[in-house]
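# Working through the structure, step by step
Take a look at the letters that make up each chain.
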Amino acid sequence: RILTSCQIAKDQNASYRLGPELELCGYGCEDHFLEQDTFDHCWESLVRLLDEGASDGLVCDFGMPVLHGGVRYNCRVICYNRRVLLIRPKTAMADNGNYREGRYFTAYTAPTGGGGSERHLLPTNFANKFGQRDAPFGLHYITCADGTTIGCESCEELWTPQSSHIDLALRGVEIIGNGSGSHHELRKLSTRMELMINATRKCGGVYLYSNQRGCDGSRTYYDGCAMIVVNGRIVAQAPQFDVQDVHVVTATVDLDDVRSYRASQPSFGIQAARLATEEGSGGGASNGLLCDDIHLVFDPLDVSLSGKNRPKVAEEDLSLQIAAPEEECCLGPACWLWDFLRRSGAAGFFLPLSGGADSSSVAAIVAVMCILVTKAARDDPEGNVAQDCRRVCRQDENSLWVPATPQEMGNHVLHTTFMGTDNSSEVTKSRAKRLGDAIGSYHLSIKIDLMVSAVLQVFQLATGHMPRFLSRGGTMSEDLALQNIQARLRMVTAYLMAQLLPWVRGRSGFLLVLGSANVDEGLRGYMTKYDCSSADLNPIGAISKGDLKRMLLFLSKKYPDFDVLAEIANAPPTAELRPIDAATATAEAGHSQTDEDDMGMTYEELGYFGRLRKISRCGPVSMFRKLLVTWSHLSPSEVASKVKRFFYYYSLNRHKMTTITPAYHAEAYSPDDNRFDLRQFLYNTKWTRQFAVIDDIVAQHPETDKDKND
């Protein structure tokens, strides 16, 4: 893929190519960064790239880890004509959320004295191949023979208060490349993009941004969106989501525009002159390296560039292309699922489809995946996407077969089953069937009452007791046990189907089981441990119920064949694990049991709790104080009751997050205990100190006295 990107760049007459952060090994190597093999293999890959001509006539800015002086660094390696010009280490590590860079790398600090210059001894295989023994290592920038200057800013450095681009701009660097490893998160792209736009709007310059694309074998999806910005204007942007592995955007820019832009700002000139004066003629740690054999610019008067060979300067301002949240919810997970499917060797997916919003959202995301892949395959039947599609669908890989429609692909890769019981409604069964038909999935409708009955009979034989639902004279413990056994047997049935359905259909391979628990249910613990929330992958595990419903409505409008999604989105969520009470069942839900009644809180309230707990880092007391203002329509005692109820159930069910299915990371308040939300799972559910403080605040609040008087 790296070599392909270099070739595309050359085909488009580019003179400088920027790649993503740690592209030679992949950003998500995690603890493999602790292995020497990873570093050795990166150098082997770099040798191969240069040997195959990647950098011939093209300045290539690669991302890779480098072991320097016994210390691991996250570096940019700039090459030209099979020679390493500069190794530039990263100075700020990303260590929040999903990022653990400080575990693997050290933030570089330039040595004092000597202009901050170091030399890195290149590996023997590189030296033997290209005759280069060492290369500059440090916070330098490249000065070309034509006076053009190129500097580096690596991912997290853009987000720091003293960003690298500020210093580079004041030193006169015109082109700044940012190789990044930034994963998708709902509503995050605009923040990321605005930082780059504002960086050049304030300092001037040409800013290139290259980001990883695709799944790196874990819960995150890197959403590409490579971009070129000139003086605050977007002149090129790649799509955020796509099933293609490689996207290259190019632009021809007039560097005189950069120089004129900076010179027109007196305040910029004052600070640049001050920096030069303070450092004197000796320069500083960030000084230029002269490369007198590199010419990046072209002369528009050069007669050899006549006609189509003369690049056109990018003068048109592009508007920032950002997907709406409801589009992000389907496009990001769809691309993530495609990467898992094609790389795992699986023959497709199996999904327990209940006809509710969550499982229907997962089915809809797979449908979007089929739409994206089918279009890409039909556009280029000989391309990589088409080849992967033939392999996944178990078609002749030497043929040019591609699916005629997304539904045809859906029938190959998606297997859905409605697993009903006597407690299930005909309404949800019908919705599941209609959605399966619209998507084209291989769909079954079955009842699992025989399995439930068999397990309960075994229990009765062992104990002499038969549990009953609460509505039929049983206790709450009996009621929950009866609900849970239905849910857990669905998980057992799902894995049986996933192993055997390909055999039933006369095909080879296995199916990946998809889960469908949303982020709010994980936060509240409103799920049965080892039920259908237990699966191989969960594309909606970090997406809220509200966002999922908006996604379903969006898809029902965009794709008329999916009109059943609007009906599903507007139906009250129900688990359908208790007997139906005809007196209270509604036509919309088809059942008398609803999720929000069971949870004792709404999904909207769960969204507030989740964002305050994780994003705003609130404990019970600080959350109560904030909601006291936000929920001013409620009395202090009502707010206190809701906060206490949330923290009680959150702490009671936190253990469920230790076994949660790997989920696509989409929301900043995801409760995923495995990588993202690192907290204990054994709590004192009474929160004695915290709840006592809340009670004191309620007692002393003026509105409490008013309520008493009323």
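Above this text is the structure in question.
Attention here is on the structure that accompanies the text.

Definitions and limits used
- Residues numbered from 1 in each chain as written.
- Predicted model: local features only at pLDDT ≥ 70, side-chain atom pairs only at ≥ 80, totals over all residues.
- Heavy atoms only, no water.
- Helix = DSSP H or I, 4+ residues; strand = E, 2+ residues; numbered from the N terminus.
- Buried < 20%, exposed > 50% of the residue type's maximum accessible area, 1.4 Å probe, protein only.
- Contact = heavy atoms within 4.5 Å.
- Areas by Shrake-Rupley, 256 points an atom, 1.4 Å probe, with all protein chains shown as cover.
- Lys, Arg positive; Asp, Glu negative; His and termini not counted.
- Charge placed at Lys NZ, Arg CZ, Asp CG, Glu CD.
- Axes fitted to C-alpha atoms, helices over the stretch in contact; angles between N-to-C directions.
- Parallel < 35°, antiparallel > 145°, perpendicular 65-115°, else oblique.
- Left-handed = near helix turned anticlockwise from the far one by under 90°.
- Salt bridge = Lys/Arg side-chain N within 4 Å of Asp/Glu carboxyl O.
- Pairing = 2+ DSSP bridges.

### A short note on the overall build of the protein chain
If you tally the helices and strands in the protein chain, you get 25 helices and 19 strands. Taken along the three principal axes of its C-alpha coordinates, the protein chain extends 90 × 75 × 45 Å. When each of the 710 residues of the protein chain is scored for burial, the buried share is 54%. Of the contacts formed within the protein chain by residues at least 6 apart in sequence, a portion of 70% connects residues at least 24 apart. Just so you have it, the protein chain exposes about 30,400 Å², and 51% of that area is on carbon and sulfur atoms. Within the protein chain, one finds 73 positive and 87 negative side-chain charges whose respective centroids are separated by 3 Å.

### Here we look at unusual backbone geometry
One non-glycine residue, N13, lies in positive phi territory at about 65 degrees. Positionally, N13 belongs in the loop between helix 1 (2-11) and strand 1 (16-18). Since its relative accessible area comes to 52%, N13 is described here as exposed. Positive phi values are uncommon outside glycine, yet R617 reaches one of about 55 degrees. Summarising the element assignment, R617 is placed in the loop between helix 21 (603-615) and helix 22 (620-630).

### Description of the environment of G138
Of note, G138 is situated in the loop between strand 6 (134-137) and strand 7 (141-144). Overall, the relative accessible area of 0% leaves G138 in the buried class. C-alpha separation for the pair G138 and W687, spaced 549 residues apart in sequence, amounts to 51 Å.

### Comments concerning the packing of helix 11 (residues 357-379) against helix 12 (residues 384-392)
Angle between the axes and distance between the axes: these two values describe a pair of packed helices. Orientation of helix 11 relative to helix 12, taken along the N-to-C sense of each, is 120 degrees, at an axis distance of 7 Å. Between helix 11 and helix 12, the crossing angle belongs to the class labelled oblique. Considering the relative orientation of helix 11 and helix 12, their crossing is left-handed. On the side of helix 11, the interface is formed by V373, A376 and A377, while helix 12 contributes V385, A386 and C389.

### Focus: the pattern of salt bridges
Opposite charge on two side chains permits pairing when their charged atoms draw close. Counted according to the given criterion, the structure contains 34 salt bridges. Across the pair R342 and D245 runs a salt bridge whose closest N-O atoms are separated by 2.8 Å. With a gap of 97 residues between them, R342 in helix 10 (residues 325-344) and D245 in the loop between strand 14 (233-237) and helix 8 (255-263) connect regions that are remote in the sequence. Judged by its relative accessible area of 11%, R342 is buried. Put simply, R259 and D256 hold a salt bridge, and the shortest N to O gap is 3.2 Å. With R259 and D256 both in helix 8 and three residues apart, this pair spans about one turn of that helix. Under the relative-accessibility criterion, R259 is labelled partly exposed at 37%. Linked by salt bridges that have partners in common, D245, D339, R342, R343, D388 and R391 make up one network.

### Comments concerning the sheet that holds strand 8 (residues 149-152)
On the basis of which strands lie adjacent, the open sheet formed by seven strands has the order 14-13-10-9-8-7-15 and mixed pairing. Lying at the two open borders of the sheet, with one neighbouring strand each, are strand 14 and strand 15 (288-291). Averaged over all pairs of adjacent strands, the angle between strand axes in this sheet comes to 20 degrees, irrespective of strand direction. Where strand 7 lies against strand 15, four bridges are found, and the strand directions are parallel. Looking across to strand 15, one finds that Y141 is bridged to G288.

### Let's talk about the environment of E156
Structurally, E156 can be placed in helix 5 (residues 156-159). Along the chain, E156 and V59 lie 97 residues apart, while their C-alpha atoms are 23 Å from each other. Among all residues touching E156, those that are not within four sequence positions of it are K90, A92, M93 and A94.

Any functional reading would require information that these geometric values do not contain.
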